Amino acid sequence: MIRQSDRKRSEIRTYVTGYVLALLLSAAAFAAVRWQHATPTSAFAVVLALALAQMVVHFRYFLHISLQRSARDDLQLVLFSAVIAGLMVAGTLVILFDLKARMS
Amino acid sequence: MTDGILPAVLGRFEWQSLPFVRAWEHPNASEIVGAGAGAVVIIGAILVAALITRLGKWRYLWSEWFTSVDHKKIGIMYIVLAFVMLSRALIEGVLMRMQQATAVNSPGFIAPDHFAQLFSTHGTIMIFFMAMPFLTGLINYVMPLQIGSRDVAFPVLNSVSLWLTAAAAALVMASLVVGRFSTGGWSGYPPYTELAFSPGVGTDYWIWAVTLGSVGSTLTGINFAVTIYKMRCAGMRLMRMPLFVWTALCTSILMIFAMPPLTVATALLALDRYLDFHFFTNDLGGNMMNYANLFWLFGHPEVYILILPAFGVFSEVVSTFSSKQLYGYTSLVIATAVITVLSFTVWVHHFFTMGQAADINAAFGIATMAIGVPTGVKIYDWIWTMFLGRVRFTVPMLFSLAFMMTFVLGGFTGILLAFPPLDYLAHNTLFLVAHFHNMLIPGLLYGMLAGYHYWFPKAFGFRLDEKWGRISFGCWVLGFYLAFMPLYVLGASGMARRTQAVFEPSFRPWLYVAGIGALLLAGALASLFVQLWVSVRDRKANRVFAGDPWDGRGLEWSISAPPPEYNFAVLPQVNSRHPFHDGKRQDDPYAPPRAYEDITLPRNSMTGPAIGILAAAAAFGLVWHMWWLAIIGALAISAVVIARSFARDVEHTISADEVQRTEQRWLRAAANAAPIPRELEMTSANQGLAEVSA
Amino acid sequence: MSADEVRQAGLELGRNDLLTHEQAGSAIFGFWVFLMSDAVIFALLFATYGVMLPATVGGPTPADEYKLVPTLIETVLLLTSSFTFGLASVAMKHGASRRQLLGWLGVTLILGIGFLGMELHDFMIMFSDGAVPSRSGYLSSFFALVPLHGLHVFFGSVWIVVMMVQVLTFGLDARVKVNLQRLGLFWHFLDVVWIAIFSVVYLQGMIQ
Ligand code: HEM
Ligand SMILES: [Cu+2]
């Protein structure tokens, strides 16, 4: 019984950690735009980096994807999907912006 | 008809939407062909319905087939669908060849608009409603048997996918009877398919048929991938899976990731057409080049979705009919996996001419050529498999051989087209049409037909007629060469694809040859039907109930033919790559297990057919702007899904006694059958028990 | 890849449950695969948005239309709803009372509806500014991407209601547990998409 309630507490702690981190990272991104000091490009880079970090937080603390064996299948699936989606998005942007540049 | 009840109910339907009315008003050859096709659909449907009623088989069909969630029955229904659609699309191909042959400096007998519908439906059907159902059906039937499973991971979802595909196919058929189909080709490029240039119902039929089909395929891909990942029997490690299972897995992965781009492309086009968005329009910032990009993000992986399962079939067939294990199993697996990943990196080769920078084209051209390497590896592996083997020239083996030679030719022309400057010359000509038929007919159709001949005895318990199989094979091969080799010449001489009329007299002889080839291909299909008829008629003489007519190597041959509903009385345990082949040689594979147990299987469900019918209705409503129908259909689908989630009594149990009785019947038959040596396997002496030589 | 290894956090099935661990494992894994397929759809809509961003053709621009504070509030609502769903999962897993589970699901639902309400309000304001999808390629791509996420939240909300009813009718049987588990993945996944939306769409649009 004790172990059960211990586990419960640690799971709740996981969600609390995730929630707090997520809030902080979102707040940082919004702040970087609200009080923008950097150039647009670097501001956007900061926002993107924070978004990436926050996604990792969500996968880790809410979706329970981790490096443990138990989630290995899911992790591989997510990484493979990320590669394919990244390929499609990057390809689309490169090709269509190239076409746009060549038309103007 | 500006306001009132009727337009609200009927949407944009008018009497002229019916081909019969059109043919009555303008009785020319083209309209009459159209009306004839519509009549064939209606009369065919009535005849089939009357026949079923006459035989009193409605209840049987509904409860044993339509609502079934058994992967074997679903697989068979997919393949029936594929044959029906193949018949229509092939006839359309022949019509197009006839038109071009008669249209040299003359109008021919098919009007331009009608011709455009022909190539659009032909391409759409061949890809989405012939090829996809065929390979999905084959995987459905065979893969669970090969991995030693009783079903797929999500049996009800499997039925939903089937009925979504069937609904989509029905929509294409409906376009023959009400309205017309798209004239935008199988790729449906905007801006031509935008409202401004194609205001009618045709493009909408195309959009919703393709969308339903792609959703069905995505779900199928998920289902198969999870099945292969999670439901293999004990001891079936990844590197012990039959090659067909590997190709099924890779095809499923492609479906999961490559169907979404198609869904996005058609959905955005639909938003443009229905809600006045501007994704691909000429005005207000639309960018039709993004459509080409999205479509081919799907389109190229799609050709590997089509071809990989055929590669799997050839691997099984070549190994079985050479009585040798597959040469280079590992290299075949690696080649398949490499093709899967590379196929996401080459899509630009379908629009080299769109105007992007030369270095982008060069990169994609090189990637395209790279795909040739793993494919070449495979061809060598198959050749080495046959080397010094005990090769028997059965029909599936003949198809495999024809595939190897013909496919290599197509591969060569593919490498040519992968070279961007050369593609600028051949783009949009019949050279390309020749190339992709040269890939798809051997690389898809021959593969599916080989699989059909190879596994038919497993599914139905009797062999297909060998003589008619050979006749059909001869017609497919000869017909193919006659019909498509001339197109290389025509294309290289500059004849554009999708042309309704020809103004160059020197093309005439080539078009004649191609026309004769097309007629032969029609004969090939007809012989397949004759073969089916003859085989059913003579089925008593050709039974292979014991289940192993070809001295097979995989688990699918270790059970009766046809297999029992539960596939395996006891889930198998394997410890090699050829469990049944080795099992036959090590101990008695027909020894009864120590004890039988109750087997629990999913119960039939109306969910699949219900969703299919409602989806067809909703899509029809969208096509015809009958908004009430679309809304009711969509809401009803949600209701069905929610209702299904409340169902609890979803399984039924087959008692151990019944399992025992079924198994004993089979084991007795196997014990009484005469073992068949390989030379006699094509004769009636074959009762499905292989003579085992060490 | 045995049944044991695939067991998910939160999936504690009893002995007499209808589903075996293996089936439950497939059910969850299958849903993951579905989500990834869905993710590709979103990825392509993001790419399309990126391509069409310059196509404002003299109409409203991102800087005209996006507002920081509502976006921030929506973000907080959605993040909090993910947290409360997490608490519902914990309640389900550790056999807390049905009231507690339903309570957390209810809070999640209210937060979800709050998010949808605010988002609709944003859209109405955009519409009244003339920022409608038929105005430009840029607005078309905005209205394909962001409302699609909203639509997902809407379906998720309906799903929460369905699951609440099922908890009441069936209690926590194996299928209810698996489906709650899938719903959880769905809900958390929508957060991930929203992160991309507020970063790539809204914040990028407001950077000067
Ligand atoms: C078996 C006999 C077949 C015949 C006689 C045939 C004939 C034709 C003809 C005449 C065309 C139009 C060429 C043009 O644009 O001028 C065509 C196009 C096409 N065919 Fe076939 N074909 C056959 C089989 C197949 C198969 C098996 C597939 C695919 C699995 C296929 C897929 C296509 C596609 C995608 C197009 C392009 C449609 C478009 O232009 O949008 N065909 N075929
Ligand atoms: Cu390609």
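Chains are numbered independently. Their residues run from 1 in the order of the written sequence. Labels are handed out in written order, letters beginning with A for the chains and numbers beginning with 1 for the ligands. The model is predicted, so local features are restricted to residues of pLDDT at least 70 and side-chain atom pairs to those at 80 or more, both for listing and for counting; the totals for chains, interfaces and linings are taken over all residues. Values shown for side chains rest on all heavy atoms present in the structure; no hydrogens or waters enter the calculation.

**Some remarks on the overall build of chain B**
So, step 1. Only runs of H or I of at least four residues qualify as helices and only runs of E of at least two qualify as strands under DSSP, and these elements are numbered from the N terminus. What chain B contains, in helices and strands, is 21 helices and two strands.
So, step 2. Compactness check: chain B gives a C-alpha radius of gyration of 25 Å against a globular reference of 26 Å for 694 residues, within 12% of the reference.
So, step 3. Each principal axis of the C-alpha distribution contributes one length, and for chain B these read about 75 × 55 × 45 Å.
So, step 4. When a residue's accessible area, from a 1.4 Å probe over protein chains only, is under 20% of the maximum for its type it is buried; when over 50% it is exposed; and in between it is partly exposed. Relative to its 694 residues, chain B shows a buried fraction of 61%. Note on method: radius of gyration uses C-alpha positions; expected globular size equals 2.2 Å times residues raised to 0.38.

**With respect to the overall build of chain A**
So, step 1. Broken down by element type, chain A carries three helices and zero strands.
So, step 2. Secondary structure of chain A in N-to-C order comes out as α-α-α.
So, step 3. Whereas a compact globule of 104 residues would reach a radius of gyration of roughly 13 Å, chain A reaches 19 Å, over 25% beyond that.
So, step 4. By its C-alpha atoms, chain A is 70 × 35 × 10 Å across when sized along the principal axes.
So, step 5. Every one of the 104 residues in chain A was classed for burial, and the buried ones make up 38%.
So, step 6. For every accessible area listed, the method is Shrake-Rupley and the probe measures 1.4 Å; residues are considered covered only by the protein chains on display. By element, 69% of the accessible surface of chain A is carried by carbon and sulfur atoms, the whole surface being about 6,000 Å².
So, step 7. Side chains of chain A give 11 positive and 5 negative charges; the mean places of these two sets differ by 7 Å. None of His or the chain ends enter the tally, which takes Lys and Arg as positive and Asp and Glu as negative. By convention, the charge on Lys lies at NZ, on Arg at CZ, on Asp at CG and on Glu at CD.

**Some details on the coordination of the copper ion (ligand 2)**
Residue and element names in this part refer to chain B.
So, step 1. Coordination of the copper ion (ligand 2) by the protein is provided by H300 (ND1), H349 (NE2) and H350 (NE2), with metal-donor distances spanning 1.8 to 2.0 Å.
So, step 2. Water is not part of the atom set, so a site may look incomplete; the donors themselves are N, O and S atoms within 2.8 Å of the metal, or 3.2 Å for Na, K and Ca. Counting residues between consecutive donors of the copper ion (ligand 2) along the chain gives the motif H-x48-H-H. Of this pair, H300 sits in helix α10 (residues 288-320) while H350 sits in the loop between α11 (329-342) and α12 (358-386), placing them 50 residues apart in sequence.

**Quick look at the domain arrangement of chain B**
So, step 1. Note: domain ranges come from an automatic or database domain assignment. Domain parsing of chain B yields domain 1 (57-543), domain 2 (544-605 + 650-694) and domain 3 (607-647).
So, step 2. Relative to domain 3 of chain B, the C-alpha centre of domain 2 of chain B lies at a distance of 41 Å.

**Concerning the coordination of the iron atom of ligand 1**
All names here are of chain B.
So, step 1. The protein atoms that coordinate the iron atom of ligand 1 are H122 (NE2) and H437 (NE2), at distances of 1.9 to 2.0 Å.
So, step 2. Between 85 and 135 degrees for all angles marks four donors as tetrahedral; over 155 degrees for opposite donors together with 65 to 115 for all other angles marks four donors as square planar and six as octahedral; every other arrangement is irregular. Viewed at the metal, the six donor atoms of the iron atom of ligand 1 are separated by angles of 86 to 180 degrees, and the geometry they form is octahedral. Remark: H437 occurs in helix α15 (residues 430-460) and H122 occurs in helix α6 (residues 112-146); sequence separation between them is 315 residues. In terms of burial, H122 and H437 fall into one category: buried.

**Regarding the UniProt feature "domain: Cytochrome oxidase subunit I profile" (unreviewed entry) in chain B**
So, step 1. UniProt positions are given in the numbering used here, feature names are shortened, and annotations may be inferred rather than shown by experiment. In the UniProt entry, the feature "domain: Cytochrome oxidase subunit I profile" (unreviewed entry) is given for residues 56-575 of chain B.
So, step 2. Taken as a whole, residues 56-575 of chain B contains 68% helix and 0% strand, while its terminal C-alpha atoms sit 48 Å from one another.

**Regarding the site of ligand 1**
Residue and element names in this part refer to chain B.
So, step 1. Note on definitions. A residue lies near a molecule or strand when any single heavy atom of the residue is within 4 Å of it. Near ligand 1 lie 23 residues; those nearest to it are H122, W186, H437, R497 and R498.
So, step 2. N or O atoms closer than or at 3.5 Å make up a polar contact, with two conditions inside protein: a donor-capable atom paired with an acceptor-capable one, and, for residues adjacent in sequence, both atoms drawn from side chains. R498 places a polar side-chain atom, nitrogen or oxygen, 2.7 Å from an oxygen atom of ligand 1.
So, step 3. Taken together, the elements giving at least two residues each to the shell around ligand 1 come down to α5 (71-102), α6 and α15.
So, step 4. Looking at the shell around ligand 1 element by element, the count peaks at seven residues for α15.

**Structural notes on the packing of aromatic side chains**
So, step 1. Aromatic rings from Phe, Tyr and Trp, with only the six-membered ring used for Trp, were paired whenever their centres fell within 6.5 Å, and each pair was classed as stacked if the ring planes differed by under 30 degrees, edge-to-face if by over 60, and tilted otherwise. Tallied over the full model, the rule gives 70 aromatic pairs over all chains.
So, step 2. Ring centres of F277 of chain B and F279 of chain B lie 6.0 Å apart, and the angle between their planes is 20 degrees; on these two criteria the pair is classed as stacked.
So, step 3. Judged by relative accessible area, F277 of chain B falls into the buried class, the value being 6%.
So, step 4. On the basis of an interplanar angle of 65 degrees and a centroid distance of 5.5 Å, the ring pair of F311 of chain B and W382 of chain B is categorised as edge-to-face. Highlighted residues: F311 of chain B in helix α10 and W382 of chain B in helix α12, separated in sequence by 71 residues.
So, step 5. For W382 of chain B, a relative accessible area of 0% translates into the label buried.
So, step 6. Taken together, F128, F129, W186, Y189, F277, F279, F280, Y291, F295, W296 and F298 of chain B form an aromatic cluster joined through their ring pairs.
So, step 7. Throughout this description, the term charge over a ring refers to an Arg CZ or Lys NZ atom that lies within 6 Å of the ring centre and within 35 degrees of the ring normal. The ring of Y61 of chain A is capped by R60 of chain A, whose NZ or CZ atom sits 5.1 Å from the centre of that ring.

**Some details on the interface of chain A and chain C**
So, step 1. By definition in these notes, contact holds between two residues if any of their heavy atoms fall within 4.5 Å. Contact with chain A, which involves 45 residues of that partner, is made by 48 residues of chain C.
So, step 2. The term buried area refers to how much accessible surface (probe radius 1.4 Å) is lost by two components on association, counted for both of them together. Between chain A and chain C, a total of about 4,300 Å² is buried, with carbon and sulfur atoms accounting for 76% of that surface.
So, step 3. What counts as a salt bridge is simple: a side-chain nitrogen of Lys or Arg found within 4 Å of a carboxyl oxygen of Asp or Glu. Our count for the chain A to chain C interface comes out at one salt bridge.
So, step 4. Between E11 of chain A and K93 of chain C there is a salt bridge whose closest N-O contact spans 2.6 Å.
So, step 5. Taken together, the connections running from chain A to chain C amount to five residue pairs in polar contact (both at pLDDT 80 or more).
So, step 6. Among the elements of the structure, α1 (2-34), α2 (40-62) and α3 (72-103) of chain A are those that each provide at least two residues to the side of chain A that touches chain C.
So, step 7. Of all the elements, α1 of chain A adds the most residues to the side of chain A that touches chain C, at 15 residues.
So, step 8. Basically, the charged four are Asp, Glu, Lys and Arg, the nonpolar ten are Ala, Val, Leu, Ile, Met, Phe, Trp, Tyr, Cys and Pro, and anything else, Gly included, counts as polar. Of the residues belonging to the side of chain A that touches chain C, the class tally is 28 nonpolar, nine polar and eight charged.

**Observations regarding α15 of chain B**
Residues three or four positions apart in an α-helix share a direction because the helix packs 3.6 residues into each turn.
Residue and element names in this part refer to chain B.
So, step 1. Here the bend at a residue is taken as the angle between two axes, fitted respectively to the seven residues that end there and the seven that start there. At Y454, α15 shows its maximal bend, which comes to roughly 40 degrees, and the proline P457 appears one to four places after that position.
So, step 2. Across the 31 residues of α15, 28 count as buried, placing the element largely inside the fold.
So, step 3. The residue sitting at the N-terminus of α15 and contributing the capping side-chain oxygen is T429; that oxygen lies 3.0 Å from the backbone nitrogen of F431.

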